[in-house]
Amino acid sequence: MTPRSDLVGVRATRAIVDLDAIAANVGALRRRLPACSQLMAVVKADAYGHGAPWVSRAALAAGASLLGVATVGEGAILRRSGIESRVVVLGSIGPTEVAAACRARLEVTVGDVSLLDALQAAVRSEHVAELVSVHLKVDTGLRRYGAVSDDVVLLADRICGDQRLRFAGMSTHFASADEPDEPFTVEQLTAFEQVLGSCRSAGIPIPARHAANSAGILTGRGIDYEIARAGIAVYGIPPSPEVPLLPGMRPAMRIESRIARIVPIAPGESVGYNRTFRAREQVAGALVPIGYGDGYRRSLSNRGWVGIAGRPARILGRVSMDQTVVAIPSGVSATVGDTVHILGNADDGAPSAIELAELMETNPYEVLVGIRKRIPRIFECQGEVVAVRKEDDWRED
Ligand SMILES: *Cc1c(COP(=O)(O)O)cnc(C)c1O
C-alpha cells in the first residue's frame, strides 16, 4: 500500500486518535446528564495521552461546555492552540503560579486559605482586567485536595466578598465511584450537601456545583448538579470493570506499527537481553520498533502480545527500550512492512487498554498517559487524517 502523502516521514509506530469516537463518547455522556447540566471534558495529562488541543476541540464541538486540566501549563497550551472556552485548573497550584493562571484566563480551584490569599494578592497587583473565576473544592473524604467542612463557609464568604473574583463553582471528588456498590459515594454526597447547606444558611449564593467524574456519570451519582466532569469515559475506556460504558461509546485510540524485520529463530536460540526466552522449536519472529522508551513497558516481556493478521502474536523475551520481538502466529505468512496492532481490539488480535493494564499491573489511565511523545499522534475524522503531531512538533514555542 502506498503511504498517504501526509504520513510520509512519520514514524511507523504511531497512535491513531479517532476524533469521531471522542465526539460520540462526549455526546453519549452529555445525554446521560439532565439537559441543563454542563459537561466538563477533562483533558489533563495531554488528554490522557490522546493530544489535548485536538481532543478539546472535538469535545467542545460535540457538546462539552468547559475543559478541565491539572496544571497551569496544560491550560496555557490550550490557550496557545487557540482554544477560547472555559478552562478549569482542577488541581492544587502554587502561589507563584497564580499570575500565569490569570494571564491565561484559567479558572482556579481553591482548597485552602493560602491559595486564596495568593489569588487575592495577585488580582490586585497584576491589574487583571477580567474577573478571575474561582472554584471552591470541598474534601468530602478523598483526603487529597480540598477544604475541610469547617473552613468552607469562611472561604466561600471571602470569595463572594471579593469584587475581582467570580465564584464559579463548588466541587468535590469521589474516592470510589468506580465501585458501584460502595456506599462511600453516597456518604460523600451527603457531606457535600451538608456543606452546601451551611453556605446557604450563611447567606452565600451557591454557584455551579460539581461532583461526578466518569464513574459518577455512568452510575448516575452526582449528576443532578450543574456541571459533571468526565475524563476516562471521553476516551472510550470504562472507569472500572464494574462500570460499563453507554451504548455507542468506544475507545478513541489505537496504536499500530509495522514489522521491521523477520527474525528466524532456531531451536535452542534465545531472544533479547538476558536470554529470557529460549526457543524449543523453530519460530518465525517479527521485530517491532516499540519499547519501554515509548511507554510500552518492560513488564510486558514474555507476557504481552500484539496483533498480526488478526491473530495474537506473543512477545518473545524482554521488551527493550526501542524494540520488541514477537512470534508470528503459526499459519500466518507475514512480511516486512505488515501492520502490527499494539493497542486496539480483539478483531485485530490486539490487546485493549484494559488488557494491557492487567499485563502491566496498573490501570488503563496509566497505560494511556504513559504513551510517550516519541509515538506520533495521527488524528482521524471519518477515516481521514486531519492532523499529525510528530515528536518534533512538541517543542514548546
Ligand atoms: C481527573 C479528574 C476527573 C476525571 O476523572 P475520570 O475518572 O477520568 O472521569 C474529574 N475530576 C477531577 C477533580 C479530576 O482530577
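To be clear, the structure that these remarks concern was listed above.
Keep in mind that what you see is a predicted model, and the values were worked out from it rather than measured.

Q: What am I meant to see in the side chain of Ser 133 here?
A: Residue position: Ser 133 is located in strand β6 (residues 132-137). Owing to a relative accessible area of 8%, Ser 133 belongs among the buried residues under this scheme. A distance of 3.0 Å separates a polar atom in the side chain of Ser 133 from a polar atom in the side chain of Arg 166. Filtering out sequence-adjacent residues up to four positions away, Ser 133 remains in contact with Glu 107, Val 108, Arg 166 and Ala 168.

Q: For this particular structure, what's the right way to read helix α6 (residues 113-125)?
A: In an α-helix, one turn spans 3.6 residues; hence positions three or four apart end up facing the same way. For α6, spanning 13 residues, the distance from its first C-alpha to its last is 18 Å, which sits close to the expected 18 Å at 1.5 Å a residue. What α6 keeps buried is the set Leu 115, Leu 116, Ala 118, Leu 119, Gln 120, Ala 122 and Val 123. Elements in contact with the buried residues of α6: α5 (98-103), β5 (107-110), β6, α7 (149-161) and β7 (165-171). At the C-terminal side of α6, His 127 shows a positive phi close to 50°.

Q: What is the right way to read the sheet that holds strand β14 (residues 283-288) from this model?
A: Sheet strands pair via backbone hydrogen bonds, and the direction of the pair is either parallel or antiparallel. Ordered in space as β11-β14-β17-β16-β15-β18-β10-β1-β19-β20, the 10 strands form an open sheet in which the pairing is mixed. Only two strands of the sheet have a single neighbouring strand rather than two, namely β11 (261-265) and β20 (384-389). Across this sheet, the average inter-strand angle for adjacent strands is 35°, counted without regard to direction. As judged from the five bridges shared by strand β19 (residues 377-381) and β20, these two strands associate in the antiparallel manner. Within β20, the position partnered with Cys 381 by the bridge is Glu 384.

Q: Looking at this model, I keep getting lost on the packing of α6 against α7. Mind explaining?
A: In a pair of packed helices, the angle between the axes and the distance between the axes together describe the arrangement. Where α6 contacts α7, the two axes come as close as 11 Å, and the packing angle between them is 10°. What the angle tells us is that α6 and α7 run roughly parallel. Residue-level contacts link Val 113, Leu 116, Asp 117 and Gln 120 of α6 to Leu 154, Leu 155, Arg 158 and Ile 159 of α7. Counted by class, the contact of α6 with α7 contains five nonpolar, one polar and two charged residues.

Q: Just to check I follow, could you spell out unusual backbone geometry for this structure?
A: Keep in mind that most residues, glycine aside, have a negative phi and that most peptide bonds are trans. One non-glycine residue, Tyr 48, lies in positive phi territory at about 50°. Position of Tyr 48 among the secondary structure elements: in helix α2 (residues 44-48). A residue is classified by how much of its surface remains accessible, and Tyr 48, at 6% relative accessible area, is buried. Within the chain, Glu 361 stands out as a residue other than glycine whose phi angle is a positive 55°. Within the secondary structure, Glu 361 is located in the loop between α10 (353-360) and α11 (364-369).

Q: Would you explain the site of the ligand in this entry?
A: Taken together, 13 residues sit near the ligand, with Lys 44, Tyr 48, Ser 214, Arg 229 and Tyr 365 positioned nearest. Residue Arg 229 places a side-chain N or O atom 2.7 Å away from a nitrogen atom belonging to the ligand. Relative to its unbound accessible area of 390 Å², the ligand is 91% covered by the protein chains. Comparing atom positions with the cavity grids shows the ligand to sit within the largest pocket. Only α2 and β9 (227-230) provide two or more residues apiece to the shell around the ligand. Among the residues forming the shell around the ligand, the class breakdown is six nonpolar, four polar and three charged.

Q: What am I meant to see in empty space enclosed by the protein here?
A: Unoccupied space between atoms shows up once a probe the size of one water molecule is rolled over them. Applying the stated criterion across every chain yields a total of one cavity of 30 Å³ or more. When its volume is computed, the largest cavity comes out at roughly 80 Å³. For the largest cavity, the full set of lining residues is Ile 255, Ile 290, Asp 294, Gly 295, Tyr 296, Ile 342, Leu 343, Leu 356, Met 360, Val 367, Ile 371 and Ile 375. Elements with a contribution of two residues or more to the lining of the largest cavity: β18 (339-343) and α10. Counted by class, the lining of the largest cavity contains 10 nonpolar, one polar and one charged residues.

Q: In this structure, what is going on with the pairing of strand β17 (residues 324-327)? I would like to understand it.
A: Where burial is concerned, the two faces of β17 agree: the one with Thr 324 and Val 326 and the one with Val 325 and Ala 327 are both buried. For β14 and β17, the ladder comprises four bridges, and the chain directions are antiparallel. Within β17, the position partnered with Leu 287 by the bridge is Val 325. One ladder, built from two bridges, connects strand β16 (residues 311-316) with β17; its direction is antiparallel. Among the inter-strand pairings, Ile 315 is bridged to a residue of β17, identified as Val 326.

Q: Sorry if this is basic, but what is going on with the pattern of salt bridges here?
A: Pairs may arise between side chains of opposite charge once their charged atoms sit close together. Applying the stated rule across the entire model yields 15 salt bridges. Asp 46 is the salt-bridge partner of Arg 389, the closest N and O atoms lying 2.5 Å from each other. With a gap of 343 residues between them, Arg 389 in strand β20 and Asp 46 in helix α2 connect regions that are remote in the sequence. Exposure remark for Arg 389: the relative accessible area of 8% places this residue in the buried category. Exposure remark for Asp 46: the relative accessible area of 17% places this residue in the buried category. Linking Arg 105 and Glu 84 is a salt bridge whose minimum nitrogen-to-oxygen distance equals 3.4 Å. One end of the pair, Arg 105, is in the loop between α5 and β5; the other, Glu 84, is in the loop between α4 (72-80) and β4 (86-89), with 21 residues separating them in the sequence. Salt bridges sharing common partners tie together Arg 11, Asp 294, Asp 322 and Arg 374.

Basis of the calculations
- In this numbering scheme, every chain counts its residues from 1 along its sequence in written order.
- The predicted origin of the model limits local features to residues at a pLDDT of at least 70 and limits the giving and counting of side-chain atom pairs to 80 or more, whereas totals for whole chains, interfaces and linings rest on all residues.
- To get the side-chain values, take all heavy atoms of the structure and skip hydrogens and water.
- Numbering of helices and strands runs from the N terminus, with a helix taken as a DSSP run of H or I at least four residues long and a strand as a DSSP run of E at least two residues long.
- Relative accessibility thresholds used throughout: buried, under 20% of the residue-type maximum; exposed, over 50%; partly exposed, between the two (1.4 Å probe, protein chains only).
- Distance and chemistry together define a polar contact, namely a pair of N or O atoms within 3.5 Å, with one atom able to donate a hydrogen and the other to accept it when in protein, and with adjacent residues in sequence counting only for side-chain atoms on both sides.
- Between two residues, a contact is recorded if the distance between any of their heavy atoms is within 4.5 Å.
- By this rule the span expected of a helix is its residue count minus one, scaled by 1.5 Å.
- When DSSP finds two or more bridges between a pair of strands, those strands are recorded as paired.
- Think of each axis as a best-fit line through the C-alpha atoms, taken over the contacting stretch in the case of a helix, with angles from 0 to 180 degrees between the N-to-C directions.
- In this scheme, roughly parallel covers angles under 35 degrees and roughly antiparallel covers those over 145, while 65 to 115 is roughly perpendicular and the rest are oblique.
- Under the convention adopted here, Pro, Cys and the residues Ala, Val, Leu, Ile, Met, Phe, Trp and Tyr are nonpolar, Asp, Glu, Lys and Arg are charged, and Gly plus all remaining residues are polar.
- It suffices for a single heavy atom of a residue to lie within 4 Å of a molecule or strand for the residue to be listed as near it.
- All accessible areas in this document rest on Shrake-Rupley with a 1.4 Å probe, and a residue is counted as covered only by the protein chains that are shown.
- We place a 1 Å grid over just the protein atoms. Points where a 1.4 Å probe fits but has no way out form a cavity, open points with protein on both sides within 12 Å along at least 5 of 7 lines form a pocket, and any residue with an atom within 4 Å of a point lines it.
- A molecule is said to be in a cavity or pocket once over half of its atoms fall within 2 Å of that pocket's grid points.
- Grid points are joined across faces, edges and corners, and a volume is the space filled by probe spheres set on the points.
- When a carboxyl oxygen of Asp or Glu lies within 4 Å of a side-chain nitrogen of Lys or Arg, that pair is called a salt bridge.

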